[in-house]
Amino acid sequence: MFSYVPPIDDYRFLLTQVLGFDGAMADIGKDVDADLAAAVLEEAGRMCAERLHPLNRHGDEEGSRLVDGAVQTPTGFAEAWRDFAQAGWTSLSADPAYGGQGLPFILQLWLDEMLSATNLSFGLFPGLTRGACEAIMAHASDDLKTTYLPPMVSGEWTGAMALTESSAGTDLALLKTKAVPNGDGSHAVTGTKIFISSGDHDFGGNIIHLVLARLPDAPAGVKGISLFLVPKYLPDADGAFTQRNGMSVGSLEKKMGIHAQPTCVMNYDGATGWLVGEAHRGLAAMFTMMNAERLMVGIQGLGVAGGAYQQAVGYARDRLQGRSADGARGPVAIIDHADVRRMLLDIRSFVEAGRALAGWTALQLDRAHVHPDATERAKADALVALLTPVVKAAFTDFGFESAVRAQQVFGGHGYIREWGMEQYVRDARIAQIYEGTNGVQAMDLVGRKLPMAGGAVVEGFFDLIAADLDDGDIGGRTQAALALLRDVTTGLRGADVDASGAVAVDYLRLFALVAMGWMWTRMAAAATDDTPLHSAKRSVAAYFAERILPQAKGLADSIAAGKATTMVLEADAF
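Residues numbered from 1 in each chain as written. Predicted model: local features only at pLDDT ≥ 70, side-chain atom pairs only at ≥ 80, totals over all residues. Heavy atoms only, no water.

**Quick word on the overall build of the chain**
- A tally of helices and strands in the chain yields 18 helices and 11 strands.
- Scaling as 2.2 N^0.38, a compact globule of 574 residues should have a C-alpha radius of gyration of about 25 Å, and the chain matches this with 24 Å.
- Seen along its three principal axes, the alpha-carbon backbone of the chain occupies a region of about 80 × 60 × 55 Å.
- Across the 574 residues of the chain, 56% fall into the buried class.
- Partitioning the intrachain contacts of the chain with sequence separation of at least 6 by distance along the chain shows that 73% fall at a separation of at least 24.
- Total accessible area on the chain stands at roughly 22600 Å², and carbon and sulfur atoms take up 53% of it. (Helix = DSSP H or I, 4+ residues; strand = E, 2+ residues; numbered from the N terminus. Rg over C-alpha atoms; globule rule 2.2 N^0.38 Å. Buried < 20%, exposed > 50% of the residue type's maximum accessible area, 1.4 Å probe, protein only. Contact = heavy atoms within 4.5 Å. Areas by Shrake-Rupley, 256 points an atom, 1.4 Å probe, with all protein chains shown as cover.)

Quick look at the structure:
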C-alpha cells in the first residue's frame, strides 16, 4: 500500500479562505487561530500516518479474538491506544473542567476523518468514548460526572453504548433488558445486548457502558426506557476500580469488515449501574450520544473515501497499461485514460466538498454550544440537527461508492487482499448501517427535520446557500439544483408515511448534492491564485458542476413520482 498523506494543505485552505475560521472563533470567544489549528491537525495527521495506518491491514487480518472470556485486540493496538491517549488526542475537544483541551470541534471532526482514512477500527474506540462522555456530561449527576469523566477524557478509561437487542434494533420499544433498584441508589441491570462496538478490549482501565433498560414500573414503549451507566469495574473498599462488575462478553460478532474492532455480545447479569438522567427518559439522554456518533459515522464515510482515493491515485500513476488516446505512446500510466480520471474525479469531488461541509457543520456545533447569544445558539443548534442525518447518510453512501470506485481503478488487483482495497470496501459498508440505517436517516430528515419551526429551519438553510451563489458555472448550476430542491421540499409538506418513505432516500441525496454544490461554489470563489492547489480546486469544481450536479434533475423527477409505483405491488407478490 501507498503511504497516507494527511490533507493539511486542504484543511489550511478551508480554515483561512473558505470557512472564515478566525472570525468564527472570535465570534464565540475561543482563543484559537488558523495557524494553531493547522499545527494541531498536522501533528494529528502524523500520528495517523505513521502510527495507525501501518496497523490497519495487520489489524484486519489478525482481528480481535475472545480468549477465556476476555477480548484480545490485534497486536499493536493496545500500545497504539496508550500512545494516542498520552499524546492528548482523546481530550482534544473535551470540556477543560474534566481535563479536556476545549479545542474547536472542527479539529475533532477532521481528526476523525484522518483516523477513518488510516484505521477505521481503531478510530471507533475514541469516537465511542467521546460520545459516551457527551451523554454523561449532558444528563448524569454531578457525582457520576466527577467520577467517570476525567479518566474517560484522558483515555485511561473508554466508553461504549449498549442499545441493540436481538429483537430490538431500530424499534427500541421492544427492548427487554431490566434494571431493578438495589436500594442504595444503584440498580441491578440484567439482559443481553448485541452489536456492542468496543464492548471489551485489552487496553487496561475501565470500560463505561451506557445501557438502555426498563425499570420495574416502566410504561410500555419508548417512553419506558431509562439509561444506566454500567462500568466494567466497580470501586473496592479503597476506592480503586478493581472489582469486576456482573457483565461479560458472550461472543464476538463475525463481521464483513472492521475486523480489528471488537463487536461484542454483552451479557449483563445483575450488573451494578446508575441512572443517567431522569427515569423513563433514557432515549432522550441516549440521543445526545447518538447524534454525536452520527456525525462521527458520516465522517467515517468521508475518511474511507479519502484514504481509498489516495491509494487509487498512487496506483493509477504507477500502473502502465494501454496506449495514449492518439495512439502515439504506450504503455501509458492508467491515469492518462479518461475513464480512470472519471472515477478519481468522482471520488475527489465528493471528498473535498464533504470535508468543507463537515467543517462548516462543526463550526455551527461550537456556535450552538458556546455562542454568547442564546438566539444564535438556538439557530446553530437547529442547523446542526438539520444536517446531522444528511452528513451521516450521504457521506456514508458516497463513501462506500467511492471505496468501490477506488477499488475499480486497481482492476483485478483491487479484488486481491495484497493491495488493501477490498478492506476499504468491507470496512466502509458498516457505516451505512450502524447508528441508524441510512434509510432511517432519510426518513428522519423528511419526517422530523424539514418540519422544524414550521419549515423555517430548512428554508433558512436554503437562503444561506442562495446568498453565496453567483451566476458562474458552478454557482449557476447549484442555483438550478437548489430551485429543484425547494420545489420538492414544498411538495413533501404534509406527505403521509408511505409517500415520505418512498422518496426520502432520493430527497436526502438531492439535499446533499446541493449542499456540496454550495461548498464547491465557495471553494471555487476562494481559489483565485495560480498555485497548484487553487488551480486544482477550480478544475474539480467544474467537474462537479458539469458531471455530478446534473444528477439533481433525475432525483427531482424520481421524488415527484411519489409513492404510486412503490406501493402498488402487493406484499405477497414479491
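**Here we look at the packing of helix α15 (residues 497–526) against helix α17 (residues 551–561)**
- Here α15 crosses α17 at 150°, and the two axes come no closer than 9 Å. Taken together, the axis directions place α15 and α17 in an arrangement best described as roughly antiparallel. Viewed along their axes, α15 and α17 form a crossing whose handedness is left-handed. Touching Val 503, Asp 506, Tyr 507, Arg 509, Leu 510 and Leu 513 of α15 are Gln 551, Ala 552, Leu 555, Ala 556, Ser 558 and Ile 559, all from α17.
- The residue makeup of the contact of α15 with α17, split by class, is eight nonpolar, two polar and two charged. (Axes fitted to C-alpha atoms, helices over the stretch in contact; angles between N-to-C directions. Parallel < 35°, antiparallel > 145°, perpendicular 65-115°, else oblique. Left-handed = near helix turned anticlockwise from the far one by under 90°. Nonpolar A, V, L, I, M, F, W, Y, C, P; charged D, E, K, R; others polar.)

**Here we look at the nonpolar core**
- Ranked by internal contacts, the top residues of the largest apolar core, which has 176 residues, are Leu 210, Phe 461, Tyr 507 and Phe 511.
- Sort the elements by how many residues they give to this core and helix α8 (residues 282–318) lands first, with 18 residues.
- Ignoring anything within four residues of it in the chain, the contact list for Leu 210 reads Ala 132, Ala 135, Ile 136, Ala 160, Met 161, Ala 162, Leu 227, Phe 228, Leu 229, Val 276, Met 286 and Met 289.
- Counting 18 residues, the second largest nonpolar core, distinct from the first, contains Ala 160, Ala 162, Val 189 and Leu 215. (Core = buried A, V, L, I, M, F, W, Y, C linked by side-chain atoms within 4.5 Å.)

**Here's the deal with the side chain of Ser 500**
- Positionally, Ser 500 belongs in helix α15.
- Taking the relative accessible area as the measure of exposure, Ser 500 reaches 7% and is therefore buried.

**A closer look at the state of the cysteines**
- Per the counting criterion, the structure on display carries zero disulfides.
- Cysteine Cys 133 is unpaired, with the sulfur of Cys 264 as its nearest cysteine sulfur at 19 Å.
- You can call Cys 133 buried: its relative accessible area is 10%.
- According to the relative accessible area criterion, Cys 264 is buried, its value standing at 0%. (Disulfide = S-S within 2.5 Å.)

**Looking at helix α12 (residues 438–449)**
- Residues of α12 that are buried include every one of Asn 438, Gln 441, Ala 442, Asp 444, Leu 445, Val 446 and Lys 449, and no others.
- Where the residues of α12 are buried, they touch α8, α10 (374–409), α14 (473–492) and α15.

**Structural notes on the pattern of salt bridges**
- According to the stated counting rule, one finds 35 salt bridges in the structure shown.
- Of the charged contacts, one joins Glu 459 and Arg 486 as a salt bridge, the two residues approaching to 2.8 Å between their closest N and O atoms. With Glu 459 in helix α13 (residues 456–468) and Arg 486 in helix α14, this pair connects stretches of sequence that are 27 residues apart.
- Judged by its relative accessible area of 22%, Glu 459 is partly exposed.
- On the basis of relative accessible area, Arg 486 is assigned to the partly exposed category, the value being 22%. (Salt bridge = Lys/Arg side-chain N within 4 Å of Asp/Glu carboxyl O.)

**Structural notes on the environment of Ile 225**
- Structurally, Ile 225 is set in the loop between β6 (207–213) and β7 (226–231).
- Sequence separation between Ile 225 and Ala 284 is 59 residues, and the spatial gap between their C-alpha atoms is 9.4 Å.
- Not counting the four nearest positions on each side in its chain, Ile 225 is found in contact with Leu 172, Leu 175, Leu 212, Ala 213, Arg 214, His 280, Arg 281, Gly 282 and Leu 283.

**Structural notes on the packing of aromatic side chains**
- Per the counting criterion, the structure on display carries 23 aromatic pairs.
- Aromatic side chains Trp 81 and Phe 122 sit 6.0 Å apart centroid to centroid with 50° between the ring planes, which places their arrangement in the tilted category. One end of the pair, Trp 81, is in helix α4 (residues 77–86); the other, Phe 122, is in helix α6 (residues 120–139), and 41 residues separate them in sequence. Of the two residues examined, Trp 81 and Phe 122, each falls in the buried class.
- Between the aromatic rings of Trp 360 and Trp 518, the centroid separation amounts to 5.1 Å while the plane-to-plane angle is 70°, which identifies the pairing as edge-to-face. A residue pair is termed long-range when its members are at least 10 positions apart, and Trp 360 in helix α9 (residues 338–370) and Trp 518 in helix α15 qualify at 158 residues. Grouping residues by exposure puts Trp 360 and Trp 518 together as buried.
- The rings of Phe 77, Trp 81, Phe 84, Phe 122, Phe 125 and Phe 203 are connected pair by pair, giving a single aromatic cluster.
- Directly above the aromatic system of Phe 400 lies the positively charged group of Arg 429, at a separation of 5.7 Å from the ring centroid. (Phe/Tyr/Trp six-rings, centres within 6.5 Å; stacked < 30°, edge-to-face > 60°. Lys NZ or Arg CZ within 6 Å of the ring centre and 35° of its normal.)

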